[in-house]
Amino acid sequence: MAGDTTLSENYAFAGVYHVFDQHTDSAVPKVQFAHDDRHLLACCSLDGTISVCRLAPGPPAVLRVLRGHGGGVADFAWSLSNDVLVSASLDGTLRLWAPADGRCIRRVPDPDGAALLCCAFQPLNNNLTVVSDTPAVPSPPPHIPPHPPPRVPSVHPGSPLLLLPAQPPP
């Protein structure tokens, strides 16, 4: 603590705003600022929504609430240019969103219907990685050659998406 000030003086929280009232009944597992934008913020909720908020100028406000998942949203990520949000849901779907207008650009179900736990854009090229809760698949018999490792494609319109199941090593 600085000098002789009290705890309440050091933690006055001047200028702190509460902008997440829309998620009062469900947990909010993640809050993240947009890339290189200290005024644009989003949070996902186990109520199945994502809120996009503006912190300045003016009083903080919820710009839009992205709805469409049938289960809780476990994770989300901003693209490098902040023009796309990706969300991973416990309902087994990945969604790509246009945060500027709130529309769902694309919905991709997990091939096994497994809950999607986390997602991330690769920072160098905007490739997308998604991790699901897919059960472990037994190793193929020795006479069947394994498939080549999957390539994670970019998320440009019209390009394919690949969901990658991940399991801890045995």
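About the thresholds
One numbering rule holds for all chains: residues counted from 1, following each sequence as written. Totals for whole chains, interfaces and linings use all residues, but because this is a predicted model, local features are given only for residues with pLDDT of at least 70 and pairs of side-chain atoms are given and counted only at 80 or more. Computation of side-chain values: all heavy atoms of the structure, hydrogens and water removed. Per the convention used, a helix needs a DSSP run of H or I reaching at least four residues, while a strand needs a run of E reaching at least two, with both numbered from the N terminus. Burial here depends on accessible area, computed with a 1.4 Å probe over protein chains only, as a share of the maximum for the residue type. Under 20% is buried, over 50% is exposed, and the range in between is partly exposed. Under this definition, polar contacts are N or O atom pairs within 3.5 Å; protein pairs additionally need one hydrogen-donor-capable and one acceptor-capable atom, and for neighbouring residues in sequence, both atoms have to be side-chain atoms. Should any heavy atoms of two residues lie within 4.5 Å, those residues are considered in contact. A pair is scored as a salt bridge if a Lys or Arg side-chain nitrogen falls within 4 Å of a carboxyl oxygen belonging to Asp or Glu.

A. Molecular detail of the side chain of Ser79. Within the element layout of this structure, Ser79 appears in the loop between β5 (73–78) and β6 (85–89). Under the relative-accessibility criterion, Ser79 is labelled buried at 2%. At 2.9 Å, the side chain of Ser79 forms a polar contact with the side chain of Asp83. If we ignore the near neighbours within four places in the chain, the residues touching Ser79 are His35, Val84, Phe121 and Asn126.

B. Structural view of the pattern of salt bridges. As enumerated under the stated definition, the model contains two salt bridges in all. The closest approach of N and O atoms between Asp101 and Arg103, which form a salt bridge, is 3.0 Å. Look at Asp101 and you get partly exposed, because its relative accessible area is 46%. Note on Arg103: relative accessible area 47%, which makes it partly exposed.

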